[in-house]
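Chain by chain, the residues:
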Amino acid sequence: MSELLGWKDMPIGGIIFESGSSQRYVTGGWRTYKPVHAQDRCVHCLRCWILCPDSAVLVENGRLVGFDYDHCKGCGICARECPAKCRAIEMELDR
Amino acid sequence: MNKRVPLTGNDAGAEALKDVNPDVAAVFPITPQTELMHQFASYVHDGVVDTELILVESEHSAQSACFGAASAGARTVTATSSQGLLLMAEICAITAATRLPVVMPVVNRAISAPVNIGCDHSDSMFLRDAGWIQLYCENSQEVYDTVVQAFRIGEHKDVLLPVMVCLDGFIISHTMEGVELIGPEAARQFVGEYDAAFRLLDTAKPITVGPLHLTDYYFECKRQVVEAMATARRVIVEVGKEYGRLTGREYALFEPYRLDDAEVAIIALGSTCGTAKVAADRAREKGLRAGVLKLRSFRPFPGEEIAEALRHVGAVAVLDRSISYGLPGGPLFHEVRSFANGGAVLVSYVYGLGGRDITPSDLQCVFAELAARRQSGESDGVFRYIGLRES
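Remember, it's a predicted structure, so these values are computed and weren't measured experimentally.

A.B. asks: Provide a residue-level description of the packing of helix H7 (residues 140-155) of chain B against helix H8 (residues 183-191) of chain B, including the pertinent values.
C.D. replies: Residue and element names in this part refer to chain B. Packing of H7 against H8 leaves a shortest axis separation of 8 Å and a crossing angle of 35 degrees. Along the contact surface, H7 presents Tyr-144, Val-148, Gln-149, Phe-151 and Arg-152, while H8 presents Gly-183, Phe-190 and Val-191. Residues that form the contact of H7 with H8 fall into these classes: five nonpolar, two polar and one charged.

A.B. asks: Which residues make up the side chain of Arg-373 of chain B, and what values go with them?
C.D. replies: Residue and element names in this part refer to chain B. Summarising the element assignment, Arg-373 is placed in helix H13 (residues 360-376). Buried Arg-373, no salt bridge; nearest opposite-charge side chain is Glu-378, N-O distance 5.1 Å. Within polar-contact distance, the side chain of Arg-373 engages the backbone oxygen of Asp-380 at 2.8 Å. Setting aside residues up to four positions removed in sequence, Arg-373 forms contacts with Val-345, Val-347, Glu-378, Ser-379, Asp-380, Gly-381, Val-382 and Arg-384.

A.B. asks: Go over the pairing of strand E6 (residues 133-136) of chain B, please, and point to the residues and values.
C.D. replies: Residue and element names in this part refer to chain B. Residues Ile-133 and Leu-135 point to one face of E6 and Gln-134 and Tyr-136 to the other, with burial holding for every one of them. Examined bridge by bridge, E6 and strand E7 (residues 163-168) share four bridges and lie parallel to one another. Bridge pairing in E7 links Ile-133 to Val-163. Crossover E6 to E7 through H7 is right-handed. Note: E6 against strand E12 (residues 297-299), two bridges, orientation antiparallel.

A.B. asks: So what's going on with the sheet that holds strand E10 (residues 264-269) of chain B? Residues and values would help.
C.D. replies: Residues and elements named next belong to chain B. Within the open sheet, the six strands sit side by side as E9-E11-E10-E13-E14-E15. Their pairing is mixed. Edge positions in the sheet fall to strand E9 (254-257) and strand E15 (383-386), since each has one partner strand and no second. On average, each strand axis in the sheet is tilted by 25 degrees relative to the strand beside it, whichever way the strands run. Strand direction decides the pairing type here: E10 and strand E13 (residues 315-320), joined by four bridges, are parallel. When the bridges of E13 are listed, Val-264 appears paired with Ala-315.

A.B. asks: Give a description of the interface of chain B and chain A that names residues and reports values.
C.D. replies: Each partner contributes to the interface: chain B provides 20 residues, whereas chain A provides 15 residues. Between chain B and chain A lies a buried interface of about 1,600 Å² when both sides are counted; carbon and sulfur atoms form 70% of it. Between chain B and chain A we count zero salt bridges in total. Our count for the contact surface shared by chain B and chain A stands at five residue pairs in polar contact (both at pLDDT 80 or more). Among the elements that make up the side of chain B that touches chain A, the one with the highest residue count is helix H9 (residues 218-247) of chain B (five residues). Taken together, the residues that form the side of chain B that touches chain A break down as eleven nonpolar, four polar and five charged.

Rules and cut-offs
Residues numbered from 1 in each chain as written. Chains lettered and ligands numbered in written order. Predicted model: local features only at pLDDT ≥ 70, side-chain atom pairs only at ≥ 80, totals over all residues. Heavy atoms only, no water. Axes fitted to C-alpha atoms, helices over the stretch in contact; angles between N-to-C directions. Helix = DSSP H or I, 4+ residues; strand = E, 2+ residues; numbered from the N terminus. Contact = heavy atoms within 4.5 Å. Nonpolar A, V, L, I, M, F, W, Y, C, P; charged D, E, K, R; others polar. Buried < 20%, exposed > 50% of the residue type's maximum accessible area, 1.4 Å probe, protein only. Lys, Arg positive; Asp, Glu negative; His and termini not counted. Salt bridge = Lys/Arg side-chain N within 4 Å of Asp/Glu carboxyl O. Polar contact = N/O pair within 3.5 Å; in protein donor to acceptor, adjacent residues only side chain to side chain. Pairing = 2+ DSSP bridges. Right-handed = clockwise from strand over helix to strand, strands pointing away. Buried area = accessible area lost by both parts, 1.4 Å probe.

Here it is in structure tokens:
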């Protein structure tokens, strides 16, 4: 607790005056199901990348390469929106 | 000499908003507030102000739009009553905790059920712990003056809290009286250019408004609001004094009326204080030294100062135009009593719910009852009603 700021020292109104701080806030622990990517079935349409609310779909050179499990909350939008013919993303119980 | 014109309380609120010329107003109509923003909307339409007027689909949206506009750095206003205030309650708490100094006239009206459009203070009392400053007005003049001051109070860098300017529905909002106006030039000079503490739309300095605070920081955020309210007690007085130098009408946390030598006194909020002053004058004509403490600032609550002002008074009636079910007496009574240190007999009177009239003779009876208690020292049966059929 000692490294946390007291009420006199912290910014007012719950406002964060620093950009990009959410990268340090790991929300992956909230997850119940995790998305698993099947490279062989993926057409790399990147619909999942567009729709992911946590920017947790990792893309390199225009191709889906995996997920940022530190920030993926397991909402399943990526699996749901993956085109029906592909089903390249499956949700699995995250143990 | 400033211009003196006949205005209703709603007109006076609109006139003050017009003279200040806020950046954004987000509004939705509700009786008895409707005319206030209707009048202000006509000023927008006529180009008298350059406020961005946002017509929304509910009060929840009105307060949400205010939250957004104020976060962006705009001087922001809205107004409401009763059910409208309750509908925006969720966002009101967010506006306050995010430290956005929105100014909102609340035209006090009873809350349903049963449906009722008359005056009482149940609506603003519902939000007493929402983190808003609450200033109550006795008449239209005070509405105009208090709305102008509200910007300075809420926007003070050590306060940064939203302000409700409470005026009694119909009793003030729809009755006309002479109001002295300072005019747009003096009002705009008094409130000054708005320099928001932070701006969501300042892309050079990106910020996050409304993030999650869990067990680590939430509690500290709440403590900061406590401090801001404590500071507001000083700022309300400072701004009231400065306004007094400008207009000759000085304002404070409360106004004592014939209280110095009073044996009995009434403490109340809003228009009833005017009625109580008349009753005190009449009681004094009959030899009873009666006084009134008109509380202007309910939040922050100046408990120590009230206790000091009433210290020498033998018996005090605390008038509540709202009710707390399951706890006898109203909220004002309990707050006054929590600071009273022995001495005076304190009697709770709940009155005027749903717009039921309160007259000088009702309050003369209250003064007479207080005088009898002062003589007898009777301290039982202190939870009372005025004008209620008991059969």
